[in-house]
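Spelled out from the first residue to the last, the chains are:
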Amino acid sequence: GCASACGAILRAVVGFTCSGGDRPSRRSRSRFPGVWVSSVTTIAGAGCPGFPLVAGTIGQPLVGNSSFLLTLNGAQPFAFAAAFAQVNFPTGSAPVLQSFPPCFHVFELGQPLLEITSSTNAAGQALSFMPIPNNPVFASFELRLQWLVIDGVGPIGGITLSNALKIRIGEF
């Protein structure tokens, strides 16, 4: 039955669940029938040496999460900040990391960038909402993200860059 170890494997590997009793039923909201996509946020590149800018997130990057937040810590107070995000095309392919010293990470020069602007507070922190629509087409999208801060002290003409993140939007 569905409660057995075999049922657990069916749920984990091919997306079967129990619906009323012991009969398995297939669930599929993703673009890949029978496969559920987990959310993941990983570091994809280092920030500027000697400057502690740290990009992060609050909440899980899940389909339908309207309160997903991008965070920045360790910046100069009251500075202009912009998070640049880029969707990895085609979804699921390994992103090409093209780094420009000392700390700028461009992943695909030919792909468009999304800019999300903000400013840092007195503690050198910034937050920006990045709501994820409740549409299964976004499941498995991968975004690369890096914050840029115009602070007057950074190593690139007064600009400092954070670490780069790779964010995969998931369903669970």
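Keep in mind the model is a prediction, meaning the values are calculated, not measured. (Residues numbered from 1 in each chain as written. Predicted model: local features only at pLDDT ≥ 70, side-chain atom pairs only at ≥ 80, totals over all residues. Heavy atoms only, no water.)

Looking at this structure, how should I read the sheet that holds strand β12 (residues 159–168)?
Whether parallel or antiparallel, the strands of a sheet pair through hydrogen bonds between backbone atoms. What the 5 strands build is an open sheet, ordered β3-β12-β11-β6-β9; its pairing is antiparallel. Looking along the sheet, the strands with just one partner apiece sit at the ends: β3 (40–45) and β9 (114–119). Sheet twist, expressed as the mean angle between neighbouring strand axes with direction ignored, is 25°. As defined by bridge partners, strand β6 (residues 80–87) adjoins strand β11 (residues 142–150) across 8 bridges and the pair is classed as antiparallel. Paired with Gln 86 across the two strands is Arg 144, which belongs to β11. (Pairing = 2+ DSSP bridges. Helix = DSSP H or I, 4+ residues; strand = E, 2+ residues; numbered from the N terminus. Axes fitted to C-alpha atoms, helices over the stretch in contact; angles between N-to-C directions.)

What is the right way to read the sheet that holds strand β10 (residues 126–129) from this model?
Pairing within the open sheet is antiparallel, and its 3 strands lie in the order β4-β5-β10. Two strands lie at the open edges of the sheet, namely β4 (54–58) and β10, each paired on one side alone. Here the strands of the sheet are splayed against their neighbours by 20° on average, with no regard to which way each runs. Both strand β5 (residues 69–73) and β10 contribute to a ladder of 4 bridges, which runs antiparallel. Each residue of the ladder has a partner; that of Leu 69, found in β10, is Phe 129.

How should I be thinking about the pairing of β12 in this particular structure?
The side chains of a regular strand alternate, residue by residue, between the two faces of the sheet. For β12, a buried count of 7 out of 10 residues is recorded, marking the element as mostly surrounded by other parts of the structure. Here β3 runs beside β12; their pairing, made up of 5 bridges, is antiparallel. Residue pairing for β12: Thr 41 is matched across the bridge by Ile 167. (Buried < 20%, exposed > 50% of the residue type's maximum accessible area, 1.4 Å probe, protein only.)

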